[in-house]
Amino acid sequence: MIHIASLQMEDEDKLYAFESNNRNYFEKFVPSRGDDYYQKDYFRDRLKELLKEQADKQSYFFLIKDTNGEILGRINLTDIDYSLKSGFLGYRVGEAYTGKGVAGQALELLKKEAKMLKLKEIKAQTTADNIASQKVLKKRGFEEISREETTYEGKHLTFVYYQADL
């Protein structure tokens with residue numbers, strides 16, 4: 001059984017360990033956050049920025065946790081546009097917890113949070129080679145709406161954009 005919990009400053013050490021331990025795995029699917037992100041002081045400053053964004057209700061950041069409080073992943077609603085009743089989904093699940101339904105369960109929990117915020121739609125993007133993420137999104141009611149070819153740090157990427165009505 002999993003739950004999602006709002007990100008808090010008290011999560012810093014466990015979250016830093018989670019991100020550091022899964023860095024190589026995450027960077028197989030998404031562009032790197034850069035070396036600075038993994039410096040403790042920078043990480044702390046970035047966490048404070050996220051918490052301010054959350055306090056300002058621009059975004060909502062959640063940790064996916066098991067019953068023991070272990071961080072299994074992260075799931076977020078960002079770039080919330082209250083006039084359009086829309087938000088943007090982001091998530092990442094640690095390598096040890098993939099293929100176990102964690103992302104799908106967390107996404108259903110996030111949808112409930114989004115409905116409480118009176119949102120009507122959630123948008124998402126993934127890279128074309130991240131098949132697992134695409135499967136999660138499609139299984140949870142997201143439809144592909146477009147694709148975009150781009151180059152990021154010298155690497156060719158195709159982003160796939162999705163949307164789901166709530």
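All chains use their own residue numbering, which begins from 1 and follows the written sequence. Two thresholds apply to this predicted model, a pLDDT of at least 70 for residue-level local features and 80 or more for giving and counting side-chain atom pairs, whereas whole-chain, interface and lining totals are computed over all residues. Side-chain numbers come from the whole structure's heavy atoms, not from hydrogens or water.

Participant: How do you make sense of the environment of Leu-117 when you look at a structure like this?
Facilitator: Note that Leu-117 resides in the loop between α3 (102–116) and β5 (121–127). Between two residues, a contact is recorded if the distance between any of their heavy atoms is within 4.5 Å. Among all residues touching Leu-117, those that are not within four sequence positions of it are Tyr-60, Leu-77, Ile-80 and Tyr-82. Only runs of H or I of at least four residues qualify as helices and only runs of E of at least two qualify as strands under DSSP, and these elements are numbered from the N terminus.

Participant: Would you explain the pairing of strand β6 (residues 143–152) in this entry?
Facilitator: Walk down a regular strand and you will see the side chains alternate between the two sheet faces. When DSSP finds at least two bridges between two strands, those strands are taken to pair. Two strands pair when backbone bridges link them, and β6 and strand β7 (residues 155–165) are joined in this way by 9 bridges, in the antiparallel orientation. Looking at β7, one finds that Glu-149 is bridged to Thr-158. If you look at the hairpin formed by β6 and β7, you'll find 2 residues sitting between the two strands, and Glu-153 has a positive phi there, around 50 degrees.

Participant: So what exactly am I meant to see when it comes to the layout of surface pockets here?
Facilitator: Rolled over the atoms, a probe as big as a water molecule pinpoints where empty space is left. Here the largest pocket defines a volume of roughly 1,400 Å³. Points on a 1 Å grid, built from protein atoms alone, make a cavity when a 1.4 Å probe fits but cannot get out and make a pocket when they are open with protein on both sides within 12 Å along at least 5 of 7 lines; residues with an atom within 4 Å of a point are the lining residues. As for the largest pocket, its lining consists of 45 residues, of which Val-30, Gly-90, Tyr-91, Arg-92 and Gln-125 are closest to the centre. At the level of secondary structure, the elements contributing two or more residues to the lining of the largest pocket comprise α1 (12–26), α2 (40–55), β3 (71–81), β4 (86–93), α3, β5 and α4 (131–139). The residue inventory of the lining of the largest pocket, partitioned by class, reads 22 nonpolar, 14 polar and 9 charged. Its volume calculated, the second largest pocket comes out at about 150 Å³. Just so you know the grouping, Ala, Val, Leu, Ile, Met, Phe, Trp, Tyr, Cys and Pro go in nonpolar, Asp, Glu, Lys and Arg go in charged, and all remaining residues, Gly too, go in polar. Class assignment of the residues belonging to the lining of the second largest pocket gives a composition of 5 nonpolar, 2 polar and 5 charged. Grid points are joined across faces, edges and corners, and a volume is the space filled by probe spheres set on the points.

Participant: Could you clarify how one ought to interpret the side chain of Thr-127 in this entry?
Facilitator: By the element assignment, Thr-127 lies in strand β5. Setting aside residues no more than four positions away along its own chain, Thr-127 makes contact with Phe-29, Gln-134, Leu-157, Thr-158, Phe-159 and Val-160.

Participant: Please clarify how the sheet that holds β4 should be interpreted in this entry.
Facilitator: Across a sheet, strands are paired by hydrogen bonds formed along the backbone, either parallel or antiparallel in direction. Judged by pairing direction, the sheet is mixed, and its 7 strands sit side by side in the order β1-β2-β3-β4-β5-β7-β6 without closing on themselves. Each edge of the open sheet is held by one strand with a lone partner, namely β1 (2–6) and β6. Across the sheet, the mean angle separating the axes of adjacent strands is 25 degrees when strand polarity is ignored. Bridging between β4 and β5 involves 3 bridges; their strand directions are parallel. Bridge pairing links Ser-86 to Glu-121 in β5. An axis is simply a line fitted to the C-alpha atoms; with a helix, the fit covers only the stretch in contact. Between two such axes, the angle follows the N-to-C directions and lies from 0 to 180 degrees. Together, β1, β2 (60–66), β3, β4 and β5 form the strand contacts of α3, whose direction differs from that of β1 by roughly 50 degrees.

Participant: For this particular structure, what's the right way to read the packing of aromatic side chains?
Facilitator: A ring pair, where both rings are aromatic, is described by two values, the distance of the centres and the angle of the planes. Note on ring pairs: Phe, Tyr and Trp rings are taken, using the six-membered ring of Trp, and paired if centres are within 6.5 Å. Classes follow the plane angle, with under 30 degrees stacked, over 60 edge-to-face and the rest tilted. Considering all chains together, one arrives at 5 aromatic pairs under this definition. Arranged with centres 5.7 Å apart and planes meeting at 55 degrees, the rings of Phe-18 and Phe-26 form a pair that is tilted. With a centroid separation of 5.0 Å and 80 degrees between ring planes, the pair formed by Tyr-37 and Tyr-38 is classed as edge-to-face. Judged by its relative accessible area of 6%, Tyr-37 is buried. Placement of a positive charge over a ring is assigned whenever Lys NZ or Arg CZ falls within 6 Å of the ring centre and within 35 degrees of the normal to the ring plane. Directly above the aromatic system of Phe-26 lies the positively charged group of Arg-92, at a separation of 4.2 Å from the ring centroid. Throughout this description, buried means an accessible area under 20% of the type-specific maximum (1.4 Å probe, protein chains only), exposed means over 50%, and partly exposed covers the range between.

Participant: What is the right way to look at the packing of α1 against α2 in this model?
Facilitator: The axes of two packed helices give the description: the angle between them and the distance between them. Between α1 and α2, the shortest axis-to-axis distance is 11 Å and the interhelical angle comes to 115 degrees. Helix-helix and strand crossings are classified by hand; for α1 and α2 the assignment is right-handed. Across the interface between the two elements, Glu-12, Asp-13, Leu-15, Tyr-16 and Glu-19 of α1 pack against Lys-40, Phe-43, Arg-44 and Leu-47 of α2. For the contact of α1 with α2, the class distribution of residues is 4 nonpolar, no polar and 5 charged. By definition, any crossing whose near helix is turned counterclockwise from its far helix by less than a right angle is left-handed, and any crossing with a clockwise turn is right-handed.

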